[in-house]
Amino acid sequence: MKTTEQNIEYARFSHLLLDSMADGVFTVDKKGNITSWNKSMERITGYHADETIGKSCRIIGFDRCFGKTCPTGVKECNIFNKGILDGKECFLKHKSGIDIPVVKSARVFTDSHNAVIGVVETVTDMSELYKARHEAEELHRKLGDVNRFDTIIGAGDAMMKMFVAIEAAAGSDVTTLLQGESGTGKERVAGAIHFNSRRREGSFITVNCSALSESLLESELFGHVKGSFTGAIRDRLGRFEEAEGGTLFLDEIGEVSPFIQVKLLRVLQEREVERVGDSKKRKVDIRIIAATNKDLFTLVKEGQFREDLYYRLKVFPIHIPPLRERKNDIPLLVRHFMDIQNIKTGKDVAGLSPSAMRALLDYNWPGNVRELENAIEHAFVLCAGDHIELIDLPVEIREDGHNKEQNAQQSEIESSTVSKDKGKLTRERLRDVLAVSDWNKAEAARRLGLSRASIWKYMKKWDIPMDQPNGSDSLTASAVSP
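The notes below deal with the structure included here. Note that the structure is predicted; figures quoted are calculated from it, not measured.

Calculation notes
- Residues numbered from 1 in each chain as written.
- Predicted model: local features only at pLDDT ≥ 70, side-chain atom pairs only at ≥ 80, totals over all residues.
- Heavy atoms only, no water.
- Helix = DSSP H or I, 4+ residues; strand = E, 2+ residues; numbered from the N terminus.
- Expected span 1.5 Å × (residues − 1).
- Buried < 20%, exposed > 50% of the residue type's maximum accessible area, 1.4 Å probe, protein only.
- Pairing = 2+ DSSP bridges.
- Axes fitted to C-alpha atoms, helices over the stretch in contact; angles between N-to-C directions.
- Contact = heavy atoms within 4.5 Å.
- Core = buried A, V, L, I, M, F, W, Y, C linked by side-chain atoms within 4.5 Å.

1. Re helix 15 (residues 368-382)
Compared with an ideal rise of 1.5 Å per residue, which puts 15 residues at 21 Å, helix 15 spans 22 Å between its outermost C-alpha atoms and is within 8% of the ideal. When we look at burial in helix 15, the residues that qualify are Asn368, Val369, Glu371, Leu372, Ala375, Ile376, Ala379 and Phe380.

Next comes the structure, spelled out in structure tokens:
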């Protein structure tokens, strides 16, 4: 038999134990009135113990109990019939009136004669997890917004054909091969396909196949089991399994070794994977998009890439044109990147000077859209006014434009005789030629026997507007002065 002093110490210990718990714990008697209330319940609900002891448990305001709303009386509460409740997600009502997401569990406790004394309930605050889940959903939504069709900038015929192909690919689970130079936006196209497909709620997993060695890439793609190699201290899911229900994007697929090619072929054929060090086959439900900046067909002919894998990958090929083949899109892209940089830097840059835009249009863009984006970001660092000037652009673009300007000036000297035969160029004559040329500077230059650079120079010198007086802008002019 415990002494009175022992009972007091035991009760004190139990009280300290409950108050040290991170989860909320409270008890109710068989009438549903609260009999104890630990510190975590005070934190979670906002109610102090003095405000709840002796009150009905309805003060907590759980929105769900055993799949229905909280009953009006304790006799209707199924906990006394079922005796147990495990891991029920619901909301309780905080003292301030806001809903708090929680997981609650409950147990009926009885006396030595099996008669019900009351119920003990635990409450886990899920606010942080709920917030993280909401943020993840919001991030997924924003990621989907980033990968909408209308965020891929382009207006020419080549881009229109690509948009049609993206839409067709998004409507199917077919394996897709994206072919294009570095910097053309292959990952953006892959994202557009995924986030406009039926798999949009699934994961979009990206693996750069050129960034890892053969052994690391094998583990990254297929996963491994504990002990399969030195350092494998636990089982690990591969990217194929992580992409279950979604899309796996294999970038730089032309860089993978023959060994990895064999394993990829098996996945494409069987839709199942084996982790490194394991013989168990695991089925995967995924969509595969691959991308390369190499000519895979040439690699096949040279024996560097498996022909059977090549045809498995290019079930539906999409060509992404390089920027030099769609220079009419440069002003649109420049405007897009300038809007981004204005927001990011807090600046208010309105456009580009004619010489800066001319340099961008004349440059060959070996780095494609990515290089153009970097060039605009570079220019924003140096730009001190409301327009980007030629001097603000990266040196390789300026030097390329300078060489072309020198060539243009030489061409102008060589054609001076033609120009003189047609009469001295005046402001009025230049405006007349621009008018009959629909304000097309290249056509006006051809008619006058001058270089296009000279036309730009004279227009600037004589303060001739870059767009037509009636407001019908040419693509270049509208981008210079948005």
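So much for the structure itself; the text now carries on.
2. What to know about the sheet that holds strand 1 (residues 24-29)
Judged by pairing direction, the sheet is antiparallel, and its 5 strands sit side by side in the order 2-1-5-4-3 without closing on themselves. The open sheet has two free edges, formed respectively by strand 2 (34-37) and strand 3 (84-93), since each of these has just one partner strand. Taken over all neighbouring pairs, the strand axes of this sheet differ in orientation by 25 degrees on average, direction set aside. With 6 bridges joining them, strand 1 and strand 5 (residues 116-125) adopt antiparallel strand pairing.

3. Thoughts on helix 10 (residues 258-270)
Over its 13 residues, helix 10 extends 18 Å from the first C-alpha to the last, a length consistent with the 18 Å expected when each residue adds 1.5 Å. The inward-facing, buried residues of helix 10 contact helix 8 (214-222), helix 9 (239-242), strand 10 (247-251), strand 11 (272-274), strand 13 (287-292) and helix 12 (307-313). Directly after helix 10, the chain includes Arg271, whose backbone phi takes a positive value near 55 degrees.

4. Brief notes about the pairing of strand 3
Within a regular beta strand, the side chains point alternately toward one face of the sheet and then the other, so they alternate between its two faces. Pairing between strand 3 and strand 4 (residues 99-110): 8 bridges, direction antiparallel. Note on strand 4: the bridge partner recorded for Leu85 is Ala106. Between strand 3 and the antiparallel strand that follows it, strand 4, lie 5 residues; Gly97 among them carries a positive phi value of about 105 degrees.

5. A short note on the pairing of strand 6 (residues 176-179)
One ladder, built from 4 bridges, connects strand 6 with strand 13; its direction is parallel. Looking at strand 13, one finds that Thr176 is bridged to Ile289. Examined bridge by bridge, strand 6 and strand 14 (residues 316-319) share 4 bridges and lie parallel to one another. Residue Gln179 lies in a different strand from strand 14, and its bridge partner there is His319.

6. Here we look at the nonpolar core
Across soluble globular proteins, you tend to see nonpolar side chains buried next to one another. One finds Leu221, Phe240, Leu250, Ile253, Leu264 and Phe305 to be the most contacted residues of the largest nonpolar core, which totals 30 residues. Going through the elements one at a time, strand 7 (204-208), helix 8, strand 10, helix 10, strand 13, helix 11 (296-301) and helix 12 are the ones with two or more residues in this core. Per element, the largest residue contribution to this core is 5 residues, and it comes from helix 10. Residues Ala359, Val369, Cys383 and Ile388 belong to the second largest nonpolar core, which totals 26 residues.

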